[in-house]
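# Coordinate inspection notes
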Amino acid sequence: DMQKAFALGLRTGFGDDFLRLGNIKLFADGALGPRTAAMLQPYSTDPGNSGNLLLGRDEIVHLGIHAAEQGLALAVHAIGDRANREVLDAFEALRDWEAKSAIRPLPHRVEHLQILHPDDIQRVGELRLVASMQPFHAISDMTMAEEHWGPRVRWAYAWQSILQGGAMLIFGSDAPVEPPNPFLGLYAAITRHRLDGSPPEGWIPAERLDLWQALACYTWRPAKAAYTARPAGRLAPGSYADLIVLDEDLFEIEPRDLANLRPTGVMTNGEWRVRAF
C-alpha cells in the first residue's frame with residue numbers, strides 16, 4: 001500500500017495534535033522465539049540455523065529512497081544482530097543519500113534492536129536514529145535468550161550502552177505481544193528482574209537504567225522522536241496538558257514496587273479522563 005500512501009500525499013508528521021502519521025514499517029527479520037531472527041552466527045540451540053533475513057541492506061536502501069522522496073521515514077523491525085547490521089548499513093547509505101540530495105534527515109527508526117554485535121552499538125547514535133525498544137521483552141525473554149544466543153546475550157537489550165552511544169532511545173510496550181502497562185516497563189528497565197525479583201542482581205546489570213533515564217524514554221524522548229507540533233512529554237508551560245496523577249512518589253518507593261503502580265488521575269489535552277480524587 002506504499003503507492004497508495006504516496007498518492008494520498010501522506011507524509012511523516014501529517015496529522016493533528018491527537019493523531020499523527022509516523023513511518024513506513026519494514027521487517028528485516030523474524031523473532032527470537034521461533035529462531036527466525038537473523039543472526040551473524042548460528043543459534044546455540046540450533047547450529048544449522050542463523051535465522052531468516054527478510055530484507056537486506058540494498059532492499060532497504062531502495063525502499064528508503066523511494067519513501068524519502070515522498071517525505072516518509074522508515075521504521076524497520078530488526079531483532080537479530082545480522083538484521084540490525086543490515087539495517088544500520090542501509091541507514092548509513094540513506095543518510096549519505098539524504099545529504100547528497102539536500103533532504104532534511106528524516107526521523108528513521110529501528111524497532112526492537114534486541115541484540116547487536118558490540119561493533120554496532122555506537123552506530124545507532126552516530127546515524128542519528130531513533131532506537132525504539134521495549135523493556136518488558138528483556139524480563140520475559142531472558143531465559144530463552146540465554147538458551148538461543150549463549151554468551152552473545154551480553155549485548156541483548158543493551159539500553160544503557162545504546163543510550164550512552166547517543167541514540168534517541170525511546171520505550172514502548174510492543175502490545176499486544178507484551179502488556180501495555182508502562183509501569184511494568186519502568187520496572188523492567190530499572191531492575192532487569194523478572195516479576196518474582198530474580199535474578200537478585202538483575203540480568204546483565206550493566207544495562208539497567210536509572211529512574212530519570214527510564215522516565216525520559218517513556219515521556220519527552222518519544223514525544224521528540226514523533227516530531228510533535230509543540231513541546232510534549234514534560235510538565236512545563238506551553239506543553240500539552242497530558243499527565244497522570246499517582247498516590248506515591250516514584251522517587252521514594254522501592255524499584256520492586258513500580259510494577260504495581262496505578263494512576264488515580266489521567267488528563268489529556270487539559271481534560272480529565274479518569275479522576276479518583
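See above for the structure.
In this text the structure is predicted, and so the values were computed from the model without any measurement.

Moving on, we get to the sheet that holds strand S5 (residues 168–171). Ordered in space as S1-S2-S3-S4-S5, the five strands form an open sheet in which the pairing is parallel. Taken across any chain shown, the strands that pair with only one partner, and hence form the sheet edges, are strand S1 (24–27) and S5. Strand-to-strand twist in this sheet, taken as the mean axis angle between neighbours without regard to direction, amounts to 25 degrees. Sheet topology places strand S2 (residues 74–78) next to strand S3 (residues 109–112); four bridges connect them, and they run parallel. Pairing of Val76 across the sheet is with Val110, part of S3.

Another point: the packing of helix H7 (residues 182–191) against helix H8 (residues 211–218). At a minimum axis distance of 9 Å, the contact between H7 and H8 shows a crossing angle of 140 degrees. When the axis of H7 is compared with that of H8, the two are oblique. By crossing handedness, the relation of H7 to H8 is classed as right-handed. Facing H7, whose interface residues are Pro182, Gly185, Leu186, Ala189 and Ile190, H8 presents Leu211, Ala214, Leu215 and Tyr218.

With that out of the way, let us pick up H7. Taken across its 10 residues, H7 has nine buried, putting it largely inside the fold. All buried positions along H7 are accounted for by Phe183, Leu184, Gly185, Leu186, Tyr187, Ala188, Ala189, Ile190 and Thr191. A side-chain oxygen of the first residue of H7 lies 2.8 Å from the backbone nitrogen of Phe183; this N-cap is Asn181. One or two positions beyond H7, positive phi appears at Arg192, with a value near 50 degrees.

Leu74, Phe91, Trp149, Tyr157, Trp159, Leu169 and Trp203 are the most contacted members of the largest nonpolar core, which has 70 residues in total. Leave out the neighbours within four places in its chain, and Leu169 touches Ala131, Met133, Trp159, Leu163, Leu209, Cys217 and Arg221.

Two aromatic rings, taken as a pair, are described by how far apart their centres are and by the angle between their planes. Applying the stated criterion across every chain, the model contains five aromatic pairs. Centroid distance Tyr157 to Trp203: 5.8 Å. Interplanar angle 50 degrees. Geometry classified as tilted. Taken together, the residues span a long stretch of sequence, with Tyr157 in the loop between helix H5 (135–149) and helix H6 (159–164) and Trp203 in the loop between H7 and H8 at a distance of 46 residues. For Tyr157, a relative accessible area of 1% corresponds to the buried category. For the ring pair Trp159 and Phe171, a centre distance of 6.0 Å and an interplane angle of 75 degrees mean the geometry is edge-to-face. One end of the pair, Trp159, is in helix H6; the other, Phe171, is in strand S5, with 12 residues separating them in the sequence. Classification of Phe171 as buried rests on a relative accessible area of 7%. Site record: aromatic cluster; members linked through ring pairs are Trp159, Phe171 and Tyr218. Positioned above the aromatic ring of Trp155, the side-chain terminus of Arg154 is 4.1 Å from the ring centre.

Conventions and cut-offs
Residues numbered from 1 in each chain as written. Predicted model: local features only at pLDDT ≥ 70, side-chain atom pairs only at ≥ 80, totals over all residues. Heavy atoms only, no water. Pairing = 2+ DSSP bridges. Helix = DSSP H or I, 4+ residues; strand = E, 2+ residues; numbered from the N terminus. Axes fitted to C-alpha atoms, helices over the stretch in contact; angles between N-to-C directions. Parallel < 35°, antiparallel > 145°, perpendicular 65-115°, else oblique. Left-handed = near helix turned anticlockwise from the far one by under 90°. Contact = heavy atoms within 4.5 Å. Buried < 20%, exposed > 50% of the residue type's maximum accessible area, 1.4 Å probe, protein only. Polar contact = N/O pair within 3.5 Å; in protein donor to acceptor, adjacent residues only side chain to side chain. Core = buried A, V, L, I, M, F, W, Y, C linked by side-chain atoms within 4.5 Å. Phe/Tyr/Trp six-rings, centres within 6.5 Å; stacked < 30°, edge-to-face > 60°. Lys NZ or Arg CZ within 6 Å of the ring centre and 35° of its normal.

Interpretation in functional terms is not warranted from these geometric data alone.
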